[in-house]
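# Overview (structure and organization)
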Amino acid sequence: MKINKSFSCIFFLGFLLSFTSCYEMDVFPQDQLGPDNFWKSEKDIEMGLAGVYSKMKNGYMDYSMYWLEGLTDNAYCRHESQKTFFNMQQGSIESTTGGPVSDVFSGSYIGVSACNVFLKNFYQVKESVFTSQGIADKYEAEVRFLRAYCYFNLVMHYGDVPLYKELLESIDDYKVKQSPAEDVYAFIYEDLDFAIEHLEDIAYTSGHAVKASAKALKARVALFRSDWKMVENEAKDIINAGKNRLADTYESIFIKREGQINNPEIIFSVNYKNPDYRHNAEMEFYYWNALSPTKDLMDIYDLEKDKRAKSWYVYAGEGEKSWINPFGEKVETEQSTLTGYILLKYFDKNDKSIYDNSAYDFRTDNNAIILRYADILLMYVEAMLEQADGVTTDPLAVQSFNSIRERAGLDPVSSVSREELRDERRRELALEGLRHFDLLRWKTAKEVMNKLVTPGGACHFEDRYYVWPFPQSEMDINSNLDQKTGY
């Protein structure tokens, strides 16, 4: 039987790699993996857990989620390897589009499979390995948090999707009809509630999910669903817990050398470590100008006062590649910026030695930030104003909003409107992959994108694009899937 590669990965890849070290190296013969010879100690469990965390580097769930800004009014993708984003921005989304349409689907299910493989083996051995139920529950909670993250990545983009609650016996067992989105959300909440109950209630430091990580993800899921009361409760709990605060500098959030480790603003990240795990953010987003901020984005900043604009971007001019770095030196990127602006948010611009680099020397182990405290503050503000007909004077909401503005060097306000909140989310979270998330949930993508003109021309968005199609390769394998309306 001919098996589609991406579909087969859903079943097999998680099985094989859940038994690997944190460097994804096979440490046991693949024909001898199982509880009889591996899941014997807590060390084995830790290795299996590391393998699950490594699967979060698929499906646009790691630094690659920043590329999703290329589907919005925030950025323009010009690099040949990311041409799909250009095509999608111009209004070409079909079941055969490829790129994120297929990669989010297959990559997220690789993550789901890794979680289900871990849990199946973990349940068989936990009573013999652990003397403490609390420690066992923490391991399970971490994996269920990650599984919830994978499923949310799926349901957010595709709506109804196949729901696999456990590891199945054969590939044919995976050929099922998609489950209603409400069932998927219910399962996500079930996993997150378990995680909230059993994860450690400590500050996020080690790369392992903590209670606040699960509460923050639950708030983000609720935000997407406009469940304002749930957003209010989860965000307020994180704020009141006092374990997180806004970082002192913007650079320390995104640059490891500037203070990512133990940073109080970071609630969850996908972590990297030289020399084995690195990524291309500095090379792609800075040196190649493959993801360039649009003038439309820059126009919402106060360029004279806003510290974010000064920290995260520099104007070089359309078709130019020279700029003056923080040391007063004229430096050049390899490729010019087509929008006129160069993205510095993920670039260690204060490391003088970095300007001697070329191309692949820019590979970095900066951690990719998935959840941070500033987002939680803005979630709380939005929840309060949406429960108050679009404007809030709630003291905690106004205080939260002003703390973000004051860090940016902007004047405080006495109330917050829906328009002000949405603009502030765009400014604060720009180029982090969340603008796409916001435009989808606000149902404003059509209005916003059809007004945008990029260096590639006028953009186009249709109503059907709010839900992505199943990749055609998956439809060819699983005849039980019903393609999305309009595709």
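Everything numeric here is computed off the predicted structure, so don't read it as measured data.

Further remarks concern the packing of aromatic side chains. Enumeration over the complete set of coordinates arrives at 45 aromatic pairs. Aromatic side chains Phe130 and Tyr139 sit 5.4 Å apart centroid to centroid with 40° between the ring planes, which places their arrangement in the tilted category. Ring-pair connections join several aromatic residues into one group, and the members of that group are Tyr60, Tyr63, Tyr66, Trp67, Phe85, Tyr250, Phe254, Phe285, Tyr301, Trp312, Tyr313 and Tyr346. Over the ring of Tyr277 we find Lys57, and its NZ or CZ is 4.3 Å from the ring centre. Stacked on the ring of Tyr139, the Lys or Arg Lys138 has its end atom at 5.1 Å from the ring centre.

Moving on: the pattern of salt bridges. Taken as a whole, this structure holds 47 salt bridges when the rule is applied. Arg464 is paired through a salt bridge with Glu94; the nearest N and O atoms lie 2.8 Å apart. Note that Arg464 is positioned in the loop between strand S12 (457–458) and helix H18 (472–477) and Glu94 in the loop between helix H3 (83–89) and helix H4 (100–129), a separation of 370 residues in sequence. Given the relative accessible area of 30%, Glu94 is considered partly exposed. Notably, a salt bridge pairs Arg144 with Glu140, separated by 3.1 Å at the nearest N-O pair. With Arg144 and Glu140 both in helix H5 (residues 133–158), this residue pair falls 4 residues apart, about one helical turn. With relative accessibility at 10%, the residue Arg144 sits in the buried group. Judged by relative accessible area, Glu140 falls into the buried class, the value being 5%. Several salt bridges converge on common partners, so that one network encompasses Glu265, Asp306, Arg308, Lys345, Arg372, Arg405, Arg407, Glu424, Arg427, Glu428 and Glu432.

Look at helix H15 (residues 418–428) against helix H16 (residues 434–442): their axes get within 10 Å of each other, and the N-to-C directions meet at 155°. What the angle tells us is that H15 and H16 run roughly antiparallel. Counting all contacts with H15, which are made through Arg422, Arg425 and Arg426, the residues of H16 involved are Arg435, Phe437, Asp438, Arg441 and Trp442. When its residues are assigned to classes, the contact of H15 with H16 shows 2 nonpolar, no polar and 6 charged.

Rules used throughout
- Residues numbered from 1 in each chain as written.
- Predicted model: local features only at pLDDT ≥ 70, side-chain atom pairs only at ≥ 80, totals over all residues.
- Heavy atoms only, no water.
- Phe/Tyr/Trp six-rings, centres within 6.5 Å; stacked < 30°, edge-to-face > 60°.
- Lys NZ or Arg CZ within 6 Å of the ring centre and 35° of its normal.
- Salt bridge = Lys/Arg side-chain N within 4 Å of Asp/Glu carboxyl O.
- Helix = DSSP H or I, 4+ residues; strand = E, 2+ residues; numbered from the N terminus.
- Buried < 20%, exposed > 50% of the residue type's maximum accessible area, 1.4 Å probe, protein only.
- Axes fitted to C-alpha atoms, helices over the stretch in contact; angles between N-to-C directions.
- Parallel < 35°, antiparallel > 145°, perpendicular 65-115°, else oblique.
- Contact = heavy atoms within 4.5 Å.
- Nonpolar A, V, L, I, M, F, W, Y, C, P; charged D, E, K, R; others polar.

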